[in-house]
Amino acid sequence: MARKTGSRTSSSGRGLVERVEWVVGCLSEFGDGVHRLGGPARVLDSALPDAVAGVCREFDGAEMFHETIVLFAGAEIRSEEGRFHVGDCGGDAIYVDSQGAVWRFDSDIEELLADGTRFDRWLAGIVDAESVLYDKEGEFLEGVFDEEGELSDNAEAERARRQLKRDPKAVAPRWRLARALVSAGKGEAARRVLEDVVEAESDFPWAWFDLARISEKLGEAEVASEEAERAAKVRTGYAYSSFFLAHAARLAQLAGLDARAQKLADEVLEEAPELPRSHVEAARECLESGDTQAARELLVLARVVAPRDLQVIDLLSQIEN
């Protein structure tokens with residue numbers, strides 16, 4: 001039997017309320033001072049997406065997990081370039097568009113990523129994910145950080161899984177899961193996850209580039225070159241396209257495809273003739289800070305693109321000798 005539109009809407013509304021109630025119940029299990037929730041909003045801007053307004057009617061503004069997650073009160077939410085800036089998470093700005101999708105400005109790659117399909121799903125997922133790190137008194141759990149003070153691969157993967165449990169179609173958490181799996185040495189599992197990512201969002205350059213890195217590690221240089229080229233070309237005018245294309249040329253060279261490598265190198269120079277020089281300058285900065293590996297990677301790319309550049313040859317020989 002076909003369902004009436006009204007019942008579908010009611011079901012959606014019930015789902016929103018149930019998720020927000022779950023969030024409030026989850027947060028209430030923690031000790032005093034770990035979270036702060038505002039009281040229910042009485043008046044809201046009618047332009048706010050339904051899920052954002054629904055959350056504000058339950059609690060208007062919040063600070064969670066010692067302000068790791070900050071949600072603005074409804075009156076403080078502002079529209080920026082067609083999206084509503086609703087708060088911050090781990091230092092990244094969180095936006096909701098007019099269709100209700102959640103976007104996170106990833107400060108590492110300086111790009112907006114599709115972090116959730118709807119605000120209430122995203123909120124439930126991010127609260128569940130952050131709970132991986134803390135005990136009920138708000139202290140970090142043992143084992144969630146490695147010896148260098150970075151999140152462990154297991155903790156990072158579990159956080160992503162929990163977000164996906166609450167919002168299965170979210171793209172960015174799936175990408176973060178793949179990266180955690182790569183870091184843990186689970187390349188085949190990571191590739192399967194990334195294949196799902198690019199199927200859902202085919203113009204996601206970093207997912208294609210991560211696929212290329214996995215293929216290279218698995219000894220599939222030709223496939224890796226094709227994936228790196230996809231990373232370079234899925235978006236017109238993308239800031240990192242020449243970088244990805246240089247990797248595609250390097251990988252083609254590694255696969256013994258000299259004609260393809262030369263063609264790709266020519267494309268790099270046509271698109272970004274300054275790349276060899278900028279890589280030399282960046283490599284010198286890396287060497288000054290003691291990061292020899294990063295310097296070498298930059299210079300190898302520059303050499304593939306400009307094999308006769310004397311500065312590239314000289315600096316690379318200093319590193320390798």
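S.K.: Any chance you could break down the overall build of the protein for me, citing the residues and the numbers?
M.R.: If you tally the helices and strands in the protein, you get 13 helices and eight strands. By principal-axis analysis of the C-alpha atoms, the protein measures approximately 70 × 50 × 35 Å. Relative to its full complement of 321 residues, the protein shows a buried share of 48%. Only carbon and sulfur atoms are counted for the fraction: they give 47% of the accessible area of the protein, which is about 16700 Å². Here the protein holds 39 positive side-chain charges and 63 negative ones, and the gap between their average locations is 7 Å.

S.K.: A description of the state of the cysteines should follow, citing residues and the corresponding values.
M.R.: Tallied over the full model, the rule gives zero disulfides. Here C26 stays free of any disulfide, with the sulfur of C89 as its closest cysteine sulfur at 14 Å. According to the relative accessible area criterion, C26 is buried, its value standing at 11%.

S.K.: Which residues make up empty space enclosed by the protein, and what are the values?
M.R.: Per the counting criterion, the structure on display carries two cavities of 30 Å³ or more. By volume, the largest cavity amounts to about 50 Å³. No other element matches the three residues that helix α2 (residues 50–58) contributes to the lining of the largest cavity. Approximately 40 Å³ is the volume attributed to the second largest cavity. For the second largest cavity, the full set of lining residues is A178, R179, V182, L194, D210, R213 and I214. If you list the elements that add at least two residues to the lining of the second largest cavity, you get α5 (171–183) and α7 (205–217). Here the lining of the second largest cavity is composed, by residue class, of four nonpolar, no polar and three charged.

S.K.: So what about a negative patch on the surface? Which residues, and what values?
M.R.: Taken together, the side chains of D146, E147, E148 and E150 make up a negatively charged region of the molecular surface. If you trace the backbone, E150 turns up in the loop between α3 (119–130) and α4 (153–166).

S.K.: Just give me the short version of the layout of surface pockets, but keep the residues and values in it.
M.R.: Taken as a whole, the largest pocket encloses approximately 800 Å³ of empty space. Together, 27 residues line the largest pocket, and D106, D108, E156, R159 and R176 are the ones closest to its centre. Elements with a minimum of two residues in the lining of the largest pocket: β7 (102–106), α3, α4 and α5. Looking at which element gives the most residues to the lining of the largest pocket, the answer is α5, with six residues. Partitioned by chemical class, the residues of the lining of the largest pocket number ten nonpolar, six polar and eleven charged. Considered as a void within the structure, the second largest pocket measures approximately 580 Å³ in volume. What lines the second largest pocket is a set of 22 residues, among which F209, R213, F243, H247 and E297 lie closest to the centre. Breaking the lining of the second largest pocket down by element, the ones donating at least two residues are α5, α7, α9 (241–254) and α12 (292–305). For the lining of the second largest pocket, the element with the highest residue contribution is α12, accounting for seven residues. Class assignment for the residues of the lining of the second largest pocket results in twelve nonpolar, two polar and eight charged.

S.K.: Tell me what's going on with the packing of aromatic side chains, and back it up with residues and numbers.
M.R.: By the definition in use, this model includes 15 aromatic pairs. Here the aromatic rings of F30 and F65 are separated by 5.5 Å at their centres, their planes lie at 80°, and the arrangement is edge-to-face. Of this pair, F30 sits in the loop between α1 (5–28) and β1 (36–37) while F65 sits in the loop between β2 (62–64) and β3 (69–71), and the two are 35 residues apart along the sequence. When its relative accessible area of 0% is taken as the criterion, F65 is described as buried. Among the aromatic residues, those joined into a cluster by ring pairs are W206, F209, Y238, Y240, F243 and F244. Its guanidinium or amino end placed over the ring of W103, R83 lies 4.7 Å from that ring's centre, counting from NZ or CZ. The ring of W208 carries the charged tip of R230 above its face, separated from the ring centre by 4.2 Å.

S.K.: Can you break down the pairing of strand β6 (residues 92–97) residue by residue, with the values?
M.R.: Remember that side chains alternate between the two faces of the sheet whenever the strand is regular. The element β6 is largely enclosed, with a buried count of six among its six residues. Side-chain alternation along β6 places D92, I94 and V96 on one buried face and A93, Y95 and D97 on a second face that is also buried. Note: strand β5 (residues 83–89) against β6, six bridges, orientation antiparallel. Within β6, the residue paired with R83 across the bridge is D97. Linking two consecutive strands that pair antiparallel, namely β5 and β6, is a turn of two residues; a positive phi of about 60° is found at G90 within it. Direction of pairing for β6 relative to β7: antiparallel, over a ladder of three bridges. Following the sheet pairing, Y95 is matched in β7 by W103. Hairpin geometry of β6 and β7 is characterised by an intervening segment of four residues between the two adjacent antiparallel strands and by a positive phi of about 100° at G100.

Criteria and thresholds
- Residues numbered from 1 in each chain as written.
- Predicted model: local features only at pLDDT ≥ 70, side-chain atom pairs only at ≥ 80, totals over all residues.
- Heavy atoms only, no water.
- Helix = DSSP H or I, 4+ residues; strand = E, 2+ residues; numbered from the N terminus.
- Buried < 20%, exposed > 50% of the residue type's maximum accessible area, 1.4 Å probe, protein only.
- Areas by Shrake-Rupley, 256 points an atom, 1.4 Å probe, with all protein chains shown as cover.
- Lys, Arg positive; Asp, Glu negative; His and termini not counted.
- Charge placed at Lys NZ, Arg CZ, Asp CG, Glu CD.
- Disulfide = S-S within 2.5 Å.
- 1 Å grid on protein atoms, 1.4 Å probe; cavity = no way out; pocket = protein on both sides within 12 Å on 5 of 7 lines; lining within 4 Å.
- Points joined across faces, edges and corners; volume = space filled by probe spheres on them.
- Nonpolar A, V, L, I, M, F, W, Y, C, P; charged D, E, K, R; others polar.
- Patch = residues over 30% accessible without salt bridge, like charges linked within 9 Å, V, L, I, M, F, W, Y side chains within 5 Å.
- Salt bridge = Lys/Arg side-chain N within 4 Å of Asp/Glu carboxyl O.
- Phe/Tyr/Trp six-rings, centres within 6.5 Å; stacked < 30°, edge-to-face > 60°.
- Lys NZ or Arg CZ within 6 Å of the ring centre and 35° of its normal.
- Pairing = 2+ DSSP bridges.

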